Amino acid sequence: MSAATVGWSSWNHFHRNYNETLFYETAKAMANNGMKALGYTYVNIDGGWWAGSDTGHVTRNQSGYIQVNKEKFPNGIDKLIEFIHSQDLKWGHYTDGGVHFCNGDKPASYGYEEQDSKLFASWGIDMIKIDACGDNGLSSQKIMTTWEKNLNATGRPVLISNCRNSCLLPKAWQSWCPDVANMWRSSGDIGASWQRVMNNLKSLIGAGEKGGPGRWNDPDFLEVGNMPLLESRSHFSLWCVTSSPLIAGNDLRNMSKDILNILTNQEAIAVNQQYSGNAGDQVAVNGSTEVWAKPLMGTGNYLNHAVVLLNRDDKEEQTVTCPFSSLGMSMGIRCQVRDLWSHEDMTFALGSVQRSLKPHDVAFLKLSNCTQA
């Protein structure tokens with residue numbers, strides 16, 4: 001996984017209220033609406049797929065193998081995954097590494113890691129999100145290491161998503177994380193509100209140096225389309241500039257053209273998928289305004305940069321400024337500015353770039369062709 005994961009997940013919009021039809025239809029939507037062509041690859045299920053969902057009791061057979069909810073998946077998850085693969089897409093699965101799932105259903109995967117790994121691999125999963133709501137005092141390192149060992153033993157390559165925010169929080173970095181997982185949660189669960197998105201963004205401050213090819217920070221999946229249009233665009237911009245996984249969380253079968261245009265902004269996605277030494281980080285703060293930036297590949301003596309100017313204020317329009325010194329360049333540097341939402345090249349900027357922004361708005365810019373003035 002050289003670049004951040006791109007795809008869709010059922011959780012943010014549907015939670016446990018789904019059946020197999022949703023996944024068949026979503027895969028078709030991704031293939032037909034341009035998302036697949038732009039790299040949206042993973043179709044991810046979340047909690048609620050097991051037999052006994054929301055009853056408190058998970059059904060396993062005598063050998064300990066977990067059973068699938070036949071009401072939701074009358075044709076079986078294995079057949080669904082066959083269809084997903086036939087669309088040149090990949091399947092992301094879900095489990096909890098603790099003694100119970102997040103809704104209290106038990107037993108979850110603790111003590112059944114070997115059976116669950118073998119079963120999931122036999123279905124052909126390509127990714128797994130491992131939660132730990134029922135950790136019962138178990139360390140995240142033990143849970144994730146056990147899963148990595150058992151999945152590797154199956155011989156099937158599987159992208160591992162650590163859903164516990166144990167790698168960056170508390171602030172001490174846990175060096176074991178990239179050895180056993182390809183992405184790790186940096187925050188608590190996201191929600192479809194500006195405050196929740198901003199709280200999760202905050203978890204990435206200072207974390208840009210930790211992300212990189214095969215090892216990405218994850219402030220949780222996207223709420224684009226579950227929020228107002230302007231906030232959805234700002235949210236997407238910030239996840240792009242921080243190399244966060246772009247896992248859509250809305251109903252892809254029923255979304256407006258404006259939301260589709262956000263999710264399929266090719267220039268924004270290209271920023272997300274590039275890596276040049278840092279995954280993206282906060283580089284400047286002034287009151288309720290912030291600047292987030294990410295170095296990009298470039299030519300000449302200076303790297304290109306993607307920059308998001310952010311007005312977090314709830315009420316007032318603000319002028320947001322990115323001094324080039326915050327990007328490691330001197331104030332005497334002159335750069336070409338491109339707006340990644342209007343897709344227009346702007347005038348050259350000398351020493352800094354600034355925009356006046358409405359509450360909760362951003363400017364998503366690319367600085368290139370930087371030279372000494």
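The structure presented is a predicted model; accordingly, all values stated were derived computationally and were not measured.

A. Layout of the packing of helix α7 (residues 194-202) against helix α8 (residues 229-241). Interhelical geometry of α7 versus α8 gives an angle of 10 degrees and a closest axis separation of 11 Å. Comparing the axis directions of α7 and α8 gives the class roughly parallel. Here W194, V197, M198, N200 and L201 of α7 come into contact with α8, specifically with E231, S234, H235, L238 and W239. Taken together, the residues of the contact of α7 with α8 break down into six nonpolar, three polar and one charged.

B. Spotlight on the packing of aromatic side chains. Considering all chains together, one arrives at 17 aromatic pairs under this definition. For the ring pair W8 and F14, a centre distance of 6.5 Å and an interplane angle of 65 degrees mean the geometry is edge-to-face. Taking the relative accessible area as the measure of exposure, F14 reaches 12% and is therefore buried. Considering the side-chain rings of F120 and W147, the 6.3 Å spacing of their centres and the 10 degrees angle between planes classify their relative orientation as stacked. Of this pair, F120 sits in helix α4 (residues 113-123) while W147 sits in helix α5 (residues 140-154); the two residues are 27 residues apart in sequence, bridging distant segments of the chain. We classify F120 as buried; its relative accessible area is 0%. A relative accessible area of 0% means that W147 is categorised as buried. By way of ring pairs, the aromatic residues W49, W50, Y94, F101, F120, W123 and W147 are connected into one cluster. Stacked on the ring of Y112, the Lys or Arg R60 has its end atom at 4.0 Å from the ring centre. K72 extends its terminal NZ or CZ atom over the ring of Y18, reaching a point 4.7 Å from the ring centre.

C. The packing of α4 against α5, seen in detail. Interhelical geometry of α4 versus α5 gives an angle of 45 degrees and a closest axis separation of 9 Å. With respect to α5, the axis of α4 lies oblique. Handedness of the crossing formed by α4 with α5: right-handed. Contact with α4, carried on its side by E113, E114, D116, S117, K118, F120 and A121, involves T146, W147, N150, L151 and T154 of α5 and no other residues of that element. Taken together, the residues that form the contact of α4 with α5 break down as four nonpolar, four polar and four charged.

D. Spatial organisation of the nonpolar core. If you look at the biggest cluster of nonpolar residues, it comprises 85 residues, and the most contacted ones within it are F23, W49, W91, F236, L263 and F364. For this core, the element with the highest residue contribution is helix α2 (residues 20-32), accounting for six residues. When residues no more than four places from it in sequence are discounted, the contact partners of F364 are S237, C240, V241, A268, V271, A306, V307, V308, R338, D339, L340 and W341. C322, M329, V337 and L365 belong to the second-largest nonpolar core, a separate cluster that totals 20 residues.

E. Looking closely at the environment of R334. Its place among the elements puts R334 in strand β13 (residues 333-339). Assessed through its relative accessible area of 37%, R334 is described here as partly exposed. For the pair R334 and G351, spaced 17 residues apart in sequence, the C-alpha separation works out to 6.3 Å.

F. Summary view of the sheet that holds strand β4 (residues 127-131). A sheet is described by the order of its strands in space; here eight strands give the open sequence β7-β6-β5-β4-β3-β2-β1-β8, paired in parallel fashion. The sheet is open, and its two edges are formed by β7 (216-218) and β8 (246-248), each paired on a single side. Recorded for the sheet is a direction-independent mean angle of 25 degrees between the axes of neighbouring strands. Sheet topology places strand β1 (residues 6-9) next to strand β2 (residues 42-44); three bridges connect them, and they run parallel. If you follow S9 over to β2, its bridge partner there is N44. The sheet strands contacting helix α3 (residues 77-86) are β2 and β3 (90-96), and the helix crosses β3 at an angle near 145 degrees.

G. Molecular detail of the pattern of salt bridges. Scanning all chains against the criterion turns up 17 salt bridges. Across the pair D189 and R185 runs a salt bridge whose closest N-O atoms are separated by 2.7 Å. Under the relative-accessibility criterion, R185 is labelled buried at 2%. R233 is the salt-bridge partner of D361, the closest N and O atoms lying 3.0 Å from each other. One end of the pair, D361, is in the loop between β16 (352-357) and β17 (362-372); the other, R233, is in helix α8, with 128 residues separating them in the sequence. Relative accessible area serves as the criterion here: at 9%, D361 is assigned to the buried category. With a relative accessible area of 25%, R233 lands in the partly exposed category. Three or more residues joined by partner-sharing salt bridges are found here, namely E25, D251 and R253.

H. Structural detail: the side chain of H305. As for its position among the elements, H305 is in strand β11 (residues 304-311). Separated by 3.4 Å, the side chain of H305 and the backbone oxygen of L303 make a polar contact. If we ignore the near neighbours within four places in the chain, the residues touching H305 are K294, P295, L296, L327, M329, L365, K366 and L367.

Basis of the calculations
Residues numbered from 1 in each chain as written. Predicted model: local features only at pLDDT ≥ 70, side-chain atom pairs only at ≥ 80, totals over all residues. Heavy atoms only, no water. Axes fitted to C-alpha atoms, helices over the stretch in contact; angles between N-to-C directions. Helix = DSSP H or I, 4+ residues; strand = E, 2+ residues; numbered from the N terminus. Parallel < 35°, antiparallel > 145°, perpendicular 65-115°, else oblique. Contact = heavy atoms within 4.5 Å. Nonpolar A, V, L, I, M, F, W, Y, C, P; charged D, E, K, R; others polar. Phe/Tyr/Trp six-rings, centres within 6.5 Å; stacked < 30°, edge-to-face > 60°. Buried < 20%, exposed > 50% of the residue type's maximum accessible area, 1.4 Å probe, protein only. Lys NZ or Arg CZ within 6 Å of the ring centre and 35° of its normal. Left-handed = near helix turned anticlockwise from the far one by under 90°. Core = buried A, V, L, I, M, F, W, Y, C linked by side-chain atoms within 4.5 Å. Pairing = 2+ DSSP bridges. Salt bridge = Lys/Arg side-chain N within 4 Å of Asp/Glu carboxyl O. Polar contact = N/O pair within 3.5 Å; in protein donor to acceptor, adjacent residues only side chain to side chain.

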